[in-house]
Amino acid sequence: MQTHHLTLYLLVLVLIVGMVIIALGGGLFGQQQFWLLQWQHQALAHLCHQAADRSFWIGGQPMAVCSRCLGVYSGFAFGWMLLPLAGFWKAYFYRSWLLKKILFATAVINLIDIIGNFAAFWENTLTSRLVLGGLLGIAAAVLFSGVFFNRKKESTGDHYGKLTTTGI
Amino acid sequence: MENSQQREFDNPQRDAGHQPDPSYWMSVTTAGLIFGIIAFVLSLITSYAVINSEPTGSLFSPSQFIGIFACLVGAFGGMLATWHYAREYEDIPIKLGKGALIGFLTGVCITIVSVVLSQVWQFVDPDMTQKMIDSTIANLEAMDMPDAQKQQMIDATVEGLRSNDSIGMQLLWGLPINGILNLITGMIGAKIFGKQEG
C-alpha cells in the first residue's frame, strides 16, 4: 500500500486523539478539583457550552464538552483511524462529490436537530446528539479516503508495467 | 473507475516546477478578521444575555444556545480562508498541507482578533465581567441543591470567570485549540474547494 503525506496524516491523528482525550474531561483521570476549574474545561470553554446536563459523565464528573461535540471529535478520530483500512480495501471509489454531499447532509441534519430541539418540536437525548455529531465527524474524515493511503497495482493496460491505482 | 482522488494520488507532484504559489496571508487575515469579529460579537451577546437574564436556577439557558453557534462559527474560519484562497486564485491548486497551514494560521488570527476586541471592550464597559459574575451567582443561588455544594459551585464559577477573562488564559487555550480545529477545517476546505489536493 502506498502512502502520501504520511506526516500530515499522523499529525492530525495525534491532534484529534489529543482533542478527544481532553474532551473526556478530568473524570477520566480521577482529578479531584471541581470540574469547572479543571484545565480540560478551561481549554474548551470557548468551543462548547459545557452544560453538565447535556454532557456524558465519567468518574462522577461531566465531560469537558457536550455529547454532540464529543460525537464530532470522536467520530472524526474514528473515521481518521479507518483511513488506512479504506486505502487497503480500496474503499475510496466513491466519487468525491458524493462524499461532499454526505458531509453537507450530516451538517444540515445536525443543524435541524439543534433548531428543532430548541424550538421544542422534539426533544433530543444525549445518545441522539452523540450519534448525530459522530456521523458529522465520520463524514468529515471519510472525505479524505484514498488521499493518504492508496493501494496501487501493476498496470496491465495502457501503462503496462507501471504502478497505478486502477491497474489500467 | 478512476476518480479525482485516485488521480491526485497518482500524480501528487504534477504541479512541481511551477512558479511559487501566491501568498495566502490575505485569505488568512480576511477570514481571521471576519470570524474573530463574529466570535467576539456572539460572545458579547451571550455575556449580555446572561447579565440581563432573570435567575432561573437552570444549568442550560437560552444564552448558551447562542454559544453553540459561536463555537461552530469559530471552528469554520479555516474553511472560509481556503474557500477565499481558492476563489482568488482559481488556477492554483491547494495542497492539503497548505490548507492545513492556512487553517491553523486563521485559527491563530481569530483568537488574536477576538482577544484584542475583548480587551478593547473592557474600556467600553469595564464592569461587564463583574456584572456577569453577579448574574451567574444569582442564577446559581436559585438552584435547588445543598448550600455547601452551592457555595462551592459559586466560588468555582467566580474563579473560572475571572481567570477566563485574562489575556494570558485566553491566548493559552485559544491559540492551540482554535489552531487545531481550524487546521482540520482548513484541510476540509482544501478538499472541498481546492482544484486539487494531495
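**Student:** Is there a simple way to think about the overall build of chain B in this case?
**Tutor:** A tally of helices and strands in chain B yields 8 helices and 0 strands. Per-residue burial over chain B gives 41% buried out of 198 residues. Across chain B, every contact between residues at least 6 apart in sequence was considered, and the portion connecting residues at least 24 apart equals 85%.

**Student:** What am I meant to see in the overall build of chain A here?
**Tutor:** In terms of regular secondary structure, chain A is built from 5 helices and 6 strands. The order of α-helices and β-strands along chain A, N terminus first, is β-α-α-β-β-α-α-α-β-β-β. Within chain A, the proportion of its 168 residues that are buried is 43%.

**Student:** What is the right way to look at unusual backbone geometry in this model?
**Tutor:** Glycine aside, negative phi is the norm for most residues, and most peptide bonds take the trans geometry. In this structure, His5(A) is a non-glycine residue whose phi angle is positive, near 55°. Tracing the chain through its elements places His5(A) in the loop between strand 1 (2-3) and helix 1 (6-23).

**Student:** Would you explain the packing of helix 2 (residues 25-52) of chain B against helix 4 (residues 77-88) of chain B in this entry?
**Tutor:** Helix-helix packing: each pair is described by the crossing angle between the helix axes and the interaxial distance. All names here are of chain B. Look at helix 2 against helix 4: their axes get within 8 Å of each other, and the N-to-C directions meet at 140°. Considering their axes alone, helix 2 and helix 4 lie oblique with respect to each other. Read as a crossing pair, helix 2 and helix 4 show a hand that is right-handed. Note on element contacts: helix 4 touches helix 2 through Gly 77, Leu 80, Ala 81, His 84, Tyr 85 and Glu 88, opposite Ser 27, Val 28, Thr 30, Ala 31, Gly 32, Ile 34 and Phe 35. Considered class by class, the residues forming the contact of helix 2 with helix 4 number 7 nonpolar, 5 polar and 1 charged.

**Student:** Even after reading the chapter, I still don't get the environment of Asp125(B), so can you show me in this structure?
**Tutor:** Locating Asp125(B) in the fold gives a position in the loop between helix 5 (96-124) and helix 6 (128-141). Spatially, the C-alpha atom of Asp125(B) lies 35 Å from that of His84(B), the residues being 41 residues apart in sequence.

**Student:** Explain the environment of Glu90(B) here, please?
**Tutor:** Relative to the elements of secondary structure, Glu90(B) occurs in the loop between helix 4 and helix 5. Distance from Glu90(B) to Lys195(B), taken between C-alpha atoms, is 7.5 Å for residues 105 residues apart in sequence.

**Student:** Can you help me understand the nonpolar core in this one?
**Tutor:** Across soluble globular proteins, you tend to see nonpolar side chains buried next to one another. Counting 73 residues, the largest nonpolar core has Ala23(A), Leu44(A), Val65(A), Tyr73(A) and Ala141(A) as the members making the most contacts within it. Non-local contacts of Tyr73(A), meaning those with residues more than four positions away in its chain, are made with Ile16(A), Met19(A), Val20(A), Ala23(A) and Gly137(A).

**Student:** Is there a simple way to explain the environment of Ala49(B) in this structure?
**Tutor:** Along the chain, Ala49(B) turns up in helix 2. Along the backbone, Ala49(B) and Ala142(B) are 93 residues apart, and their C-alpha atoms lie at a distance of 17 Å.

**Student:** Looking at this structure, I do not really get helix 5 (residues 126-142) of chain A. What am I missing?
**Tutor:** A turn of α-helix holds 3.6 residues, and therefore any two residues three or four places apart point the same way. The terminal C-alpha atoms of helix 5 of chain A lie 24 Å apart, and with 17 residues this matches the ideal 24 Å at 1.5 Å per residue to within 8%. For helix 5 of chain A, a buried count of 13 out of 17 residues is recorded, marking the element as mostly surrounded by other parts of the structure.

**Student:** So what exactly am I meant to see when it comes to the packing of helix 2 of chain B against helix 5 of chain B here?
**Tutor:** Residues and elements named next belong to chain B. Contact geometry for helix 2 and helix 5: axes closest at 7 Å, N-to-C directions at 45°. Taken as axis vectors, helix 2 and helix 5 run oblique relative to one another. As for how helix 2 packs across helix 5, the hand of that crossing is right-handed. Of the residues in helix 5, those touching helix 2 at Ser 27, Val 28, Thr 29, Ala 31, Gly 32, Leu 33, Phe 35, Gly 36, Ile 37, Ala 39, Phe 40 and Leu 44 are Ile 102, Leu 105, Thr 106, Cys 109, Ile 110, Val 113, Ser 114, Leu 117, Ser 118 and Trp 121.

**Student:** What's the story with the confidence of the model for chain B in this structure? I'm lost.
**Tutor:** Low pLDDT means the predicted atomic positions in that stretch should not be read closely. All names here are of chain B. Per-residue confidence for chain B gives a mean pLDDT of 79; residues scoring 70 or more make up 79%. By mean pLDDT, helix 1 (residues 4-10) is the weakest element of chain B at 54, and helix 5 is the strongest at 93. Here the prediction assigns the complex a pTM of 0.82, and the interface score ipTM is 0.85.

Basis of the calculations
- Residues numbered from 1 in each chain as written.
- Chains lettered and ligands numbered in written order.
- Predicted model: local features only at pLDDT ≥ 70, side-chain atom pairs only at ≥ 80, totals over all residues.
- Helix = DSSP H or I, 4+ residues; strand = E, 2+ residues; numbered from the N terminus.
- Buried ≥ 20, exposed ≤ 12 C-beta atoms within 10 Å, placed from the backbone.
- Contact = placed C-beta atoms within 7 Å.
- Axes fitted to C-alpha atoms, helices over the stretch in contact; angles between N-to-C directions.
- Parallel < 35°, antiparallel > 145°, perpendicular 65-115°, else oblique.
- Left-handed = near helix turned anticlockwise from the far one by under 90°.
- Nonpolar A, V, L, I, M, F, W, Y, C, P; charged D, E, K, R; others polar.
- Core = buried A, V, L, I, M, F, W, Y, C linked by C-beta atoms within 7 Å.
- Expected span 1.5 Å × (residues − 1).
- pLDDT = per-residue confidence, 0-100.

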